[in-house]
Amino acid sequence: MSVRIVVDATSAVDRRKTGIGWYTRHLIRWLPEVDPEATYVAWYLHFRGLMNKRRYFEDQDTPNLVERGVAFPGRIYSRLNNRLEIPKVEWFTKFDALFAPNYLPPATNSKGLVLTVHDLAFKILPETAPHVNTYWLTYFDRALKNAAEIVTVSEATRRDLIDIYDVAPERVTAVLSGVDMDAIKPAAPEDVETTRTTYGVDGPYFLFIGGLEPRKNLRMMLRAFGKVPDDVRPNLVLAGSPVPWVPGGKDMVDSAVRALPPSARDQVILTGYVSEAEKLALLTGAEALVYPSVYEGFGLPVLEAMACGTPVLTSDLSSLPEVVGDDAVLVDPYESGSIADGMERLMRDAELRARLREAGPRRARTFSWEETARQTAKVLHRAAQH
């Protein structure tokens, strides 16, 4: 008998997808292909579907993928879901397992529930997650207890989950995320030049990509940048925008920039939010991605940089060493001197940069979404037996 698995695809149909949205989208792309004997249902809220019959996954030529948009207002659903745990997913469609790829599942009585936990920053660094309220934490606690299986996107996050929540280790499986090497690749020289011109980037530069939030350690990174000797210090391009859950990110960055020595201050360029094409162009042209985050559940930007052949400087904490292996410069994110030394080393050592440019794509190719889907499917089938 064929197993029927519902995937909560809500984050994947968002017009401005976050990393979790892309994670969900890639798994919906690959799960039906690597697991052809199962039926997968991409389930999501689509209130506008009453008037707009748009489908989000019709580009996939996989007969075992079913799309199920539910015409229900999102805000009302969230309130009912969080407080009363209705309506249940099983009211809309039958299934053997329910996969919630974004922490919290939609309401269900299913014994075959699987959650993905991407990181535990809300517990380890609660000041970085002021949007996580009592309702969210209570619902998450309940979901952990009810889940048949739990997926984490790194071994580091698996250890955090077991230590902090005292979850039985046999219920938690680390399945590392992937990178789409067909889409994440070096940009054409003319696209690099156009993007540099758009943002006024003249000369060599370091690049940061991500939200302007405390967890990304931008204040310390800027302090370190100011310590790099003038004769080797390139520009620093900060590509990203404030995140809605931590207000004041832009003000924090502006304050840190003002505190720099004048020579370094004039070398900082803030682009704001960039498109996917601009991101690839900036990565391709950069001397290195500088990403000294204090905590990451996985760290997709460093993997994308490696896929583009861009050298990486990143933290020696959480999941980041797990992702980059020996193919990046690792620093202590809590020491500006360590970050500054890593920056200077990258600029002075051309052979190091060349080695990392060659090693990065080779390392990135070991992280495929196809393999992520294959390992995830095994977890989903175990849950379907509950």
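Given the structure is predicted, the values throughout are model-derived calculations rather than measurements. (Residues numbered from 1 in each chain as written. Predicted model: local features only at pLDDT ≥ 70, side-chain atom pairs only at ≥ 80, totals over all residues. Heavy atoms only, no water.)

Remarks on the pairing of strand E6 (residues 149-152)
Right, so step 1: Because side chains alternate across E6, one face comprises the buried residues Glu149 and Val151, and the other comprises Ile150 and Thr152, equally buried.
Right, so step 2: Sheet analysis places strand E5 (residues 113-117) next to E6, joined by four bridges and oriented parallel. Paired with threonine 116 across the bridge in E6 is valine 151.
Right, so step 3: In this sheet, strand E7 (residues 172-174) lies alongside E6 in parallel orientation, the contact comprising three bridges. The residue of E7 that forms the bridge with valine 151 is threonine 173. (Buried < 20%, exposed > 50% of the residue type's maximum accessible area, 1.4 Å probe, protein only. Helix = DSSP H or I, 4+ residues; strand = E, 2+ residues; numbered from the N terminus. Pairing = 2+ DSSP bridges.)

Let's talk about the sheet that holds strand E1 (residues 4-8)
Right, so step 1: Sheet architecture is open: seven strands sit in the order E3-E2-E1-E4-E5-E6-E7, paired in parallel fashion. Each edge of the open sheet is held by one strand with a lone partner, namely strand E3 (65-70) and E7. Each neighbouring strand pair of the sheet contributes to a mean axis angle of 20°, computed without reference to strand direction.
Right, so step 2: Two strands pair when backbone bridges link them, and strand E2 (residues 39-45) and E3 are joined in this way by six bridges, in the parallel orientation. Among the inter-strand pairings, leucine 45 is bridged to a residue of E3, identified as valine 70.
Right, so step 3: Each of E1, E2, E3, strand E4 (97-100), E5 and E6 is contacted by helix H1 (residues 19-34), which is oriented at about 160° to E1, the strand it contacts most. (Axes fitted to C-alpha atoms, helices over the stretch in contact; angles between N-to-C directions. Contact = heavy atoms within 4.5 Å.)

Focus on the layout of surface pockets
Right, so step 1: Considering only enclosed or pocket space, the second largest pocket measures out at about 300 Å³ in volume.
Right, so step 2: Around the second largest pocket, the lining comprises 15 residues; the ones closest to its centre are Trp30, Asp180, Met181, Asp182 and Trp369.
Right, so step 3: At the level of elements, H1 and helix H15 (369-384) are the ones that each hand at least two residues to the lining of the second largest pocket.
Right, so step 4: For the lining of the second largest pocket, a count of residues per class yields seven nonpolar, two polar and six charged. (1 Å grid on protein atoms, 1.4 Å probe; cavity = no way out; pocket = protein on both sides within 12 Å on 5 of 7 lines; lining within 4 Å. Points joined across faces, edges and corners; volume = space filled by probe spheres on them. Nonpolar A, V, L, I, M, F, W, Y, C, P; charged D, E, K, R; others polar.)

Some words on the environment of arginine 353
Right, so step 1: Its location among the elements puts arginine 353 in helix H14 (residues 350-364).
Right, so step 2: Arginine 353 sits 145 residues away from phenylalanine 208 along the chain, and the two C-alpha atoms are 17 Å apart.
Right, so step 3: What arginine 353 contacts, discounting residues up to four positions off in sequence, is Glu287, Pro311, Leu346, Met347 and Arg348.
Right, so step 4: A polar side-chain atom of arginine 353 sits 2.7 Å from the main-chain carbonyl oxygen of leucine 346. (Polar contact = N/O pair within 3.5 Å; in protein donor to acceptor, adjacent residues only side chain to side chain.)

Quick look at the pairing of strand E12 (residues 312-315)
Remember that side chains alternate between the two faces of the sheet whenever the strand is regular.
Right, so step 1: By the bridge criterion, three bridges tie strand E11 (residues 288-291) to E12 in an arrangement that is parallel. Within E12, the residue paired with leucine 289 across the bridge is valine 312.
Right, so step 2: Considered for its hand, the β-α-β crossover made up of E11, helix H11 (residues 300-307) and E12 is right-handed.
Right, so step 3: Taken together, the three bridges between E12 and strand E13 (residues 329-331) define a ladder with parallel strand orientation. From the neighbouring strand, threonine 314 faces E13, where its bridge partner is leucine 330. (Right-handed = clockwise from strand over helix to strand, strands pointing away.)

Side note on the nonpolar core
Right, so step 1: Ranked by internal contacts, the top residues of the largest apolar core, which has 94 residues, are Leu31, Tyr40, Phe57, Leu207, Leu289 and Met343.
Right, so step 2: No other element matches the seven residues that H15 contributes to this core.
Right, so step 3: Contact partners of leucine 207, with chain neighbours within four places excluded, come to Val237, Ala239, Leu282, Leu283, Ala286, Ala288, Leu289 and Val290. (Core = buried A, V, L, I, M, F, W, Y, C linked by side-chain atoms within 4.5 Å.)

Some remarks on unusual backbone geometry
Right, so step 1: Unusually for a residue other than glycine, tyrosine 103 sits at a positive phi of about 70°.
Right, so step 2: Tracing the chain through its elements places tyrosine 103 in the loop between E4 and E5.
Right, so step 3: Despite not being glycine, serine 318 has its phi angle at roughly 50°, a positive value.
Right, so step 4: Here serine 318 lies in the loop between E12 and helix H12 (320-324).

Some remarks on the packing of aromatic side chains
Where two aromatic rings form a pair, the distance of their centres and the angle of their planes describe that pair.
Right, so step 1: Overall, the coordinates contain 12 aromatic pairs when judged by the stated rule.
Right, so step 2: Centroid distance phenylalanine 122 to phenylalanine 140: 5.4 Å. Interplanar angle 90°. Geometry classified as edge-to-face. Remark: phenylalanine 140 occurs in helix H4 (residues 134-146) and phenylalanine 122 occurs in helix H3 (residues 121-124); sequence separation between them is 18 residues. Grouping residues by exposure puts phenylalanine 122 and phenylalanine 140 together as buried.
Right, so step 3: Relative to tyrosine 291, the ring of phenylalanine 208 lies with its centre 5.8 Å away and its plane at 15°, an arrangement referred to as stacked. Residue phenylalanine 208 is found in strand E8 (residues 205-209), and its partner tyrosine 291 is found in strand E11; the two are separated by 83 residues along the sequence. For the pair phenylalanine 208 and tyrosine 291, a shared accessibility class is recorded, and that class is buried.
Right, so step 4: Members of the aromatic cluster, connected to one another through ring pairs, are Tyr103, Phe122, Trp136, Phe140 and Tyr165.
Right, so step 5: Positioned above the aromatic ring of phenylalanine 225, the side-chain terminus of arginine 233 is 5.7 Å from the ring centre. (Phe/Tyr/Trp six-rings, centres within 6.5 Å; stacked < 30°, edge-to-face > 60°. Lys NZ or Arg CZ within 6 Å of the ring centre and 35° of its normal.)

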